[in-house]
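# Structural overview for review
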Amino acid sequence: MVRVRFAPSPTGKVHVGSLRTALYNYLYAKQNNGQFVLRLEDTDRTRYEEGSVDSLLHALYQTKIIPDEGLVLEGNEIGQSGEYGPYIQSERLNIYKKYIQKLLDDGKAYYCFCSKERLDDLREKQKQAGETPRYDGHCRNLSPQEVQTKIDNGEPYVIRLKLPENQIISFQDVIRGDIAINTEDLDDQVLIKTDGFPTYHFAVVVDDHLMGITHIIRGEEWLPSTPKHVYLYQCFGWEEPQYVHLPNILNADHKKLSKRQGDVSVEDFLAKGYLPEALINFLALLGWSPEGDQEIFSLDELVDIFEPERINKSGAVFDREKLNWMNGQYIKKLSDDEMVDKMVPFLLKAGEISSEDVLNKKSWLQKVAQILRERIDYFAQAPEELKAILNPDFVMTDTEEAQQIMAADTVPVLYQALTDKIEAADAEQWNAENAQKMIKSIQKEHKAEKIKGKALYMPIRLMLTGEMHGPDLALIMDVLGKDECLKRLRAYQTHHSL
RNA sequence: GGCCCCUUGGUCAAGCGGUUAAGACACCGCCCUUUCACGGCGAUAACGGGAGUUCGAUUCUCCCAGGGGUCACCA
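Residues numbered from 1 in each chain as written. Chains lettered and ligands numbered in written order. Predicted model: local features only at pLDDT ≥ 70, side-chain atom pairs only at ≥ 80, totals over all residues. Heavy atoms only, no water.

## Focus on the pairing of strand 7 (residues 168-173)
We apply this condition: Note on classification: 1.4 Å probe, protein chains only; a residue is buried when its accessible area is under 20% of the maximum for its type, exposed when over 50%, partly exposed between these limits. Each helix is a run of DSSP H or I of at least 4 residues and each strand a run of E of at least 2, with the numbering of both proceeding from the N terminus. If DSSP finds at least two bridges between two strands, the strands pair.
Alternating positions in strand 7 separate cleanly, Ile 169, Phe 171 and Asp 173 being buried on one face and Ile 168, Ser 170 and Gln 172 remaining unburied on the opposite face. Relative to strand 8 (residues 177-182), strand 7 runs antiparallel, the two being bridged by 6 bridges. Its bridge partner being in strand 8, Ile 168 is matched across the sheet by Asn 182. What sits between strand 7 and strand 8 in their antiparallel hairpin is a turn of 3 residues.

## Details of a positive patch on the surface
Selection rule: In this scheme, patches are assembled from residues that exceed 30% relative accessible area and form no salt bridge. Like charges are connected within 9 Å, while nonpolar side chains (Val, Leu, Ile, Met, Phe, Trp, Tyr) are connected within 5 Å. Surface exposure here means Shrake-Rupley accessible area, sampled with a 1.4 Å probe, where a residue is shielded only by the protein chains that are shown. For salt bridges, the criterion is a side-chain nitrogen of Lys or Arg within 4 Å of an Asp or Glu carboxyl oxygen. A residue counts as positive if it is Lys or Arg and as negative if it is Asp or Glu; His and the chain ends are not included. Taken as the charge location is NZ of Lys, CZ of Arg, CG of Asp or CD of Glu.
A contiguous patch of positive charge on the surface is contributed by Lys 444, Lys 447, Lys 450 and Lys 452. Here Lys 452 lies in the loop between helix 18 (432-445) and helix 19 (453-465). Since its relative accessible area comes to 51%, Lys 452 is described here as exposed.

## Some details on the domain arrangement of chain A
Quick note on the threshold: Domain ranges listed in this record stem from an automatic or a database domain assignment.
According to the domain assignment, chain A contains domain 1 (3-89 + 249-320), domain 2 (92-246), domain 3 (335-386) and domain 4 (400-496). Between the C-alpha centres of domain 2 and domain 4 there is a distance of 76 Å.

## Things to note about the environment of Ser 289
Summarising the element assignment, Ser 289 is placed in the loop between helix 9 (276-284) and helix 10 (299-305). Of the residues examined, Ser 289 reaches a relative accessible area of 33% and is grouped as partly exposed. Ser 289 sits 23 residues away from Asn 312 along the chain, and the two C-alpha atoms are 8.2 Å apart.

## Section: the nonpolar core
The condition is simple: The set of buried Ala, Val, Leu, Ile, Met, Phe, Trp, Tyr and Cys residues whose side-chain atoms join them within 4.5 Å is what this entry labels a nonpolar core. In this description, contact between two residues means that some pair of their heavy atoms is separated by no more than 4.5 Å.
Membership of the largest hydrophobic core comes to 152 residues, with the highest contact counts inside it found for Ile 65, Phe 202 and Phe 318. The dominant element in this core, judged by the number of residues it contributes, is helix 20 (residues 473-496), at 10 residues. If near-sequence neighbours (up to four positions away) are discounted, Phe 318 is found in contact with Val 16, Ile 249, Leu 250, Leu 257, Phe 269, Phe 282, Leu 283, Leu 286 and Leu 323. Listed in part, the 8 residues of the second largest apolar core include Leu 119, Cys 139, Val 158 and Val 190.

## So, the pairing of strand 6 (residues 158-161)
Neither face of strand 6 is open: one carries Val 158 and Arg 160, the other Ile 159 and Leu 161, and all of them are buried. As paired elements, strand 5 (residues 109-112) and strand 6 share 4 bridges and run antiparallel to each other. Bridged to Tyr 111 within strand 6 is Ile 159. As judged from the 2 bridges shared by strand 6 and strand 9 (residues 190-192), these two strands associate in the antiparallel manner. When the bridges of strand 9 are listed, Ile 159 appears paired with Ile 192.

## Focus on the protein's contact with RNA strand B
Test applied: Neighbouring residues are identified by heavy atoms, a residue being near a molecule or strand if any of them is within 4 Å of it. Here a polar contact is taken to be a pair of N or O atoms separated by no more than 3.5 Å, where protein atoms must pair a possible hydrogen donor with a possible acceptor and residues adjacent in sequence count only if both atoms sit in side chains.
Not every one of the 61 residues close to RNA strand B is listed here, only the nearest: Arg 176, Thr 194, Glu 295, Arg 375 and His 469. When atoms of RNA strand B within 4 Å of the protein are split into backbone and base, the sugar-phosphate part holds 74%. Residue Leu 285 places a main-chain N or O atom 3.3 Å away from a sugar or linking oxygen belonging to RNA strand B. At a separation of 2.2 Å, a sugar or linking oxygen of RNA strand B approaches a polar side-chain atom of His 469. For the surface near RNA strand B, the secondary-structure elements that each account for two or more residues are helix 4 (116-128), strand 6, strand 13 (316-317), helix 11 (320-332) and helix 19. Ranked by the residues each element gives to the surface near RNA strand B, the list is headed by helix 11, at 5 residues.

Written as structure tokens, this is what we have:
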């Protein structure tokens, strides 16, 4: 039975790198009919951020990386489900107490009364001497009596792991193979802090074992401390899990992707109108690739073809361009209704449409959405893309080229012809097809003036939208409607006295 | 600095001793087209370096270099 877990800390919004870790865990669990557990590692109360559990759950549920066990969403409430709870580490303090006692009894851990000042001082001296900062074992061999006296005196203490000297600890990583580290290069890690909370290194081992976790799929930054975890498993006589250390996700500068450099949280990407499916698809292929050339995969397909053995060893740069492309692929496949649903919030927020429009102009919105579909990578681009069409108070582009086009002596003729046609048009029959016919008929009727091609379309485009570029003119006219077209034409005329 | 991990085009990557070293994104060019976008076609572009092993190394071994991670009572 495969059991995996995703165990983030509630320290803010969920990072896309974390989402990838969660995804790989999820994929592996699903393809093996195992369980995907969500546990909260909240042993550092100083870093706790309000609301992060909420955003964690929502990020996971929106992207469909839904936990089978542990922290789950029950309706809109956060709950815990499963037989191995509690799944929040701060609720498991008594459990850690029990297991640390066993370590203490076996002489595998010891009390340490060193003050923060002494430790800082020590570290500083070691650094200056060019040595690797490391605990010097000051309290390693205190007698039970000394320990008892200090505890009775109320001296604060931590409990440290008593690492054996000069011993090789080795383990297997599914991606990287054999890894061996000498305990001389490791520190007597603090297991229990002064406040009685466990550190990550202790809690993770106890919990993973107690929760029956078989595979630990996590970020590469944990690789150097894994020997400590392995040693703890050995101390307890527990079966070690399989380790899978994922390569980092990098910035363009090849540094670890960090919050300092733009948006990196799942929430940010979704808020920009990236589709959850696309984000998942992109993340899945960052650091892993299946056989073959296919690149667009649903979550279910990913479950089928995921192979941890094919995960790459080296870090992968998070390429926004490729994500944009992929998201665009997903947008192109959206239905009209889905397009409208996704697009509307962004247009509303930008004030390009009103909530009345949303209620009353469904088919109109669908036309707008169709125009939009092939033109954006993510929905936050929608207002800008549609601005020239939706905003009646657009500003005319004043490039030299545009001015030249509008200075042509065919423009007044064209203006008049178009205005006449539109006025004569049946508002009931107003659509893209008829708009196109209108333009074509102008071309036919003004062969003599050579009003065709660019000289025909570009002035119309400029008069109606103020822009030289944009969607098909007939589509624009359709969306604008008869009255708005006339209004814009006349506005142009009054401003430029044709 | 110690330790650990990594190293194929700008980016993601395939490759697992013998290949004209895939494919995708980006970039550039052409086509489609009233413009832009979409789409289609095409071009440029890579095995970090040095020793081995081998008939033959991108692929195996070692060394070096470069990059990253980690050295907390943070995870």
